[in-house]
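Listed below are the residues making up each chain.
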Amino acid sequence: EMQVQKVVLNSRPGTNGAPVPENFRLEEATLAPDLKDGEVLVRTLYLSVDPYMRCRMNEDTGAEYLTPWQLSECVDGGGVGVVQSSRCSACTEGDVVTSFNWPWQTFAVMKGSVLQKVDPQLVDGHLSYFLGAIGITGLTALLGIREKGNVTKGANQTMVVSGAAGACGSIAGQIGRLDGCVRVVGICGSDEKCRALVEDLGFSAAINYRQEDVPARLKECCPGGVDVYFDNVGGTISDTVIAQMNNGGHVILCGQISQYNKDVPYPPPLSDETQDTLRSKNITRERFTVLNYMNKADAALCELSQWVKSGQIKVLETVVNGIGSMGDAFCSMMKGGNIGKQIIKISE
Ligand code: NDP
């Protein structure tokens, strides 16, 4: 028998309201050491907290592909770890593996069939990148831009990114530049984040939506208007950006985090004014779901890996330690406590 720690759902925040760390509870548990056929014992290295998890805290997630977390049961999400022992032919001891349904647990017995083996060379040994830049958030940024952004080299385009200092946003802005936008402007929630975007990641300009006059600063930073908008947040910020978009522009509808603590459907309804702008200026705004493009994942991960290794994409992370920090880290990320990808390190 083996002692492990796990995080369970302690209570639901309700459909209206911000999640709090007390919605989660740390428990001790024991693992039976003997594996059944097809099972793998994994040691957790890193866990991810992501905005979509807010939906899984509700009894009804509002999305067919998301199941609700159950009270007093182990919470799960993106994770990366190492195989300790295996009775699955696809896995051997020492393999680095990931899953979208990794239990929030220090060690776990999982079905080998839900694990994907990954190549540590892709991330130069930075295994947490499999949860961010060389994982689902990097894919979201790259495939979102390629599928919905219509970014064209030589077309003199200006891109705006909201949630720009977060995991997806920080990668999306850099890809916008690499794919040929002449100007990339980020919107985010602190001066420290603005500084990182411009000085470390090569954004042309950054706007602090908590401190600055967003419409005025956007006009200043985007004198030729906005051609492509990578939208992570929705709400007032997005109404403001869309009002300054050019004819034939494209909104990449990635996420709407400003609405996730409210009881509204996804995507939340737009104001009449914003709908009129989209229609009269012929701006596209199609819903984007990265999971619908996983047939392009392998090629996209190679491209991301090369950009990261060559230094053309810089990766920012906010790392906290210990399984006991999961609830704090999730709630902090939902309020903007992170720069880049929020990661929780569980073991060495
Ligand atoms: P982030 O790392 O961007 O973290 C969330 C960030 O959201 C915070 O850091 C905070 O930054 C910002 N934020 C929180 N509340 C508000 C608010 N009211 N107004 C404006 N900004 C706010 O998370 P991810 O990169 O993982 O996710 C970003 C977006 O991408 C989310 O909307 C998510 O749902 C979406 N997504 C979509 C996918 C898809 O397939 N379509 C896949 C993965 C993610 P700040 O300090 O700037 O406020």
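Look a little higher up for the structure.
Remember, predicted model here, so these are calculated numbers, not experimental data.

The rules we used
- Numbers given for residues are sequential positions, taken from 1 along each chain in its written order.
- Given that the model is predicted, a residue must reach a pLDDT of at least 70 before its local features are reported, and side-chain atom pairs must reach 80 or more before they are shown or counted; all residues, however, enter totals for whole chains, interfaces and linings.
- Excluding hydrogens and water, the side-chain values take into account all heavy atoms of the structure.
- The definitions used throughout rest on a 1 Å grid laid over the protein atoms alone, on which a cavity is an enclosed set of points accommodating a 1.4 Å probe that cannot get out and a pocket is an open set flanked by protein within 12 Å on both sides along at least five of seven lines; lining residues are those having an atom within 4 Å of a point.
- Grid points are joined across faces, edges and corners, and a volume is the space filled by probe spheres set on the points.
- Numbering goes from the N terminus for both helices and strands, where a helix is a DSSP run of H or I of at least four residues and a strand is a run of E of at least two.
- Under the grouping applied here, Gly and all other residues not named as nonpolar or charged are polar, the nonpolar ones being Ala, Val, Leu, Ile, Met, Phe, Trp, Tyr, Cys and Pro and the charged ones Asp, Glu, Lys and Arg.
- Segmentation of the chain into domains, including their bounds, is taken from an automatic or database domain assignment.
- The pairing test for Phe, Tyr and Trp rings, Trp by its six-membered ring, is centres within 6.5 Å, and the orientation test on the planes gives stacked under 30 degrees, edge-to-face over 60, and tilted for anything in between.
- Accessibility here uses a 1.4 Å probe with only protein chains present; expressed as a share of the type maximum, an area under 20% marks a residue as buried, one over 50% as exposed, and anything in between as partly exposed.
- The axes are straight lines fitted to the C-alpha atoms, using for helices just the contacting stretch, and the angles between their N-to-C directions are given from 0 to 180°.
- To sort the angles, those under 35 degrees are grouped as roughly parallel, those over 145 as roughly antiparallel, those from 65 to 115 as roughly perpendicular, and the leftovers as oblique.
- Note: crossing handedness is left-handed where the near helix turns anticlockwise from the far helix by less than a right angle, and right-handed where it turns clockwise.
- We call two residues contacting when some pair of their heavy atoms lies within 4.5 Å.
- It suffices for a single heavy atom of a residue to lie within 4 Å of a molecule or strand for the residue to be listed as near it.
- Pairs of N or O atoms within 3.5 Å make up the polar contacts considered here, provided that, within protein, one atom can donate a hydrogen while the other can accept it, and that residues adjacent in sequence are counted only when both atoms are side-chain atoms.
- For the accessible areas, the method is Shrake-Rupley and the probe is 1.4 Å, while residue cover comes only from the protein chains on display.
- Here a salt bridge means any side-chain nitrogen of Lys or Arg lying within 4 Å of a carboxyl oxygen belonging to Asp or Glu.
- Strands qualify as paired when DSSP identifies two bridges or more between them.
- Here, the term nonpolar core denotes a set of buried Ala, Val, Leu, Ile, Met, Phe, Trp, Tyr and Cys residues that are joined through side-chain atoms within 4.5 Å.

Side note on empty space enclosed by the protein
Then, in step 1: Per the stated rule, a full pass over the model turns up 1 cavity of 30 Å³ or more.
Then, in step 2: There is about 40 Å³ of room inside the largest cavity.
Then, in step 3: Forming the walls of the largest cavity are Gly132, Ala133, Thr137, Ala167, Ser170, Ile171, Val315, Leu316 and Lys341.
Then, in step 4: At 3 residues, helix α3 (residues 167-179) tops the list of elements feeding residues into the lining of the largest cavity.
Then, in step 5: Its residues placed into classes, the lining of the largest cavity shows 5 nonpolar, 3 polar and 1 charged.
Then, in step 6: Here the lining of the largest cavity gathers at least three residues from each of two domains, domain 1 (2-132 + 315-345) and domain 2 (138-291).

Section: the packing of aromatic side chains
Then, in step 1: Enumeration over the complete set of coordinates arrives at 6 aromatic pairs.
Then, in step 2: With a centroid separation of 5.7 Å and an interplanar angle of 65°, the aromatic rings of tryptophan 69 and tryptophan 104 are classed as edge-to-face. Here tryptophan 104 lies in the loop between β5 (96-103) and β6 (107-111) and tryptophan 69 lies in the loop between α1 (53-56) and β4 (76-86), a separation of 35 residues in the sequence. In this structure, tryptophan 69 and tryptophan 104 share a single accessibility class: buried.
Then, in step 3: Through a chain of ring-to-ring contacts, the aromatic side chains of Phe24, Trp69, Trp104 and Phe330 assemble into a single cluster.

Points about the packing of helix α2 (residues 136-148) against α3
Then, in step 1: In contact at an axis separation of 8 Å, α2 and α3 are set at 40° when each is read in the N-to-C sense. In terms of their interaxial angle, α2 and α3 are classed as oblique. Once α2 is placed against α3, the crossing between them reads as right-handed. Only Ala167, Cys168, Ile171, Ala172, Ile175, Gly176 and Asp179 of α3 make contact with α2, whose side of the interface consists of Thr137, Gly138, Thr140, Ala141, Leu142, Ile145 and Arg146.
Then, in step 2: Looking at the contact of α2 with α3 residue by residue, the classes come out as 8 nonpolar, 4 polar and 2 charged.

Describing the site of the ligand
Then, in step 1: The ligand sits among 27 residues. The nearest are Ala167, Lys193, Tyr209, Tyr260 and Asn338.
Then, in step 2: One of the backbone N or O atoms of phenylalanine 288 is found 2.8 Å from a nitrogen atom in the ligand.
Then, in step 3: With the chains in place, 88% of the 920 Å² that the ligand exposes on its own is no longer accessible.
Then, in step 4: Mapped by element, the contributors of at least two residues to the shell around the ligand are α3 and α9 (326-334).
Then, in step 5: Along the lines of polarity and charge, the residues of the shell around the ligand split into 14 nonpolar, 11 polar and 2 charged.

Some thoughts on the pattern of salt bridges
Then, in step 1: Using the criterion set out here, one finds 13 salt bridges in the structure.
Then, in step 2: The closest approach of N and O atoms between arginine 87 and aspartate 37, which form a salt bridge, is 3.4 Å. You can see arginine 87 sitting in the loop between β4 and β5 and its partner aspartate 37 sitting in the loop between β2 (24-31) and β3 (39-48), a full 50 residues away along the chain.
Then, in step 3: When its relative accessible area of 44% is taken as the criterion, arginine 87 is described as partly exposed.

Side note on the sheet that holds strand β10 (residues 205-208)
Then, in step 1: With parallel pairing, the 6 strands of this open sheet are ordered in space as β10-β9-β8-β11-β12-β13. The open sheet has two edge strands with one neighbour each: β10 and β13 (284-287). Taking the axes of each pair of neighbouring strands and ignoring which way they run, one obtains an average angle of 15° across the sheet.
Then, in step 2: Note: strand β8 (residues 158-162) against strand β11 (residues 226-231), 3 bridges, orientation parallel.

Some remarks on the nonpolar core
The tendency in soluble globular proteins is for nonpolar side chains to be buried as a group.
Then, in step 1: Counting residues in hydrophobic clusters, the biggest one holds 50 residues, and the most contacted among them are Ile175 and Leu304.
Then, in step 2: With 6 residues, the single largest contributor to this core is helix α8 (residues 297-309).
Then, in step 3: Looking at which domains feed residues into this core, each of domain 1 (2-132 + 315-345) and domain 2 (138-291) gives three or more.
Then, in step 4: If near-sequence neighbours (up to four positions away) are discounted, leucine 304 is found in contact with Ala133, Ile134, Gly138, Leu139, Leu142, Ile171, Ile175 and Ile313.
Then, in step 5: Grouped together as the second largest cluster of nonpolar side chains are 30 residues, Val49, Met57, Val83 and Met333 included.

Scope: geometric values only; no functional claims are made or implied.
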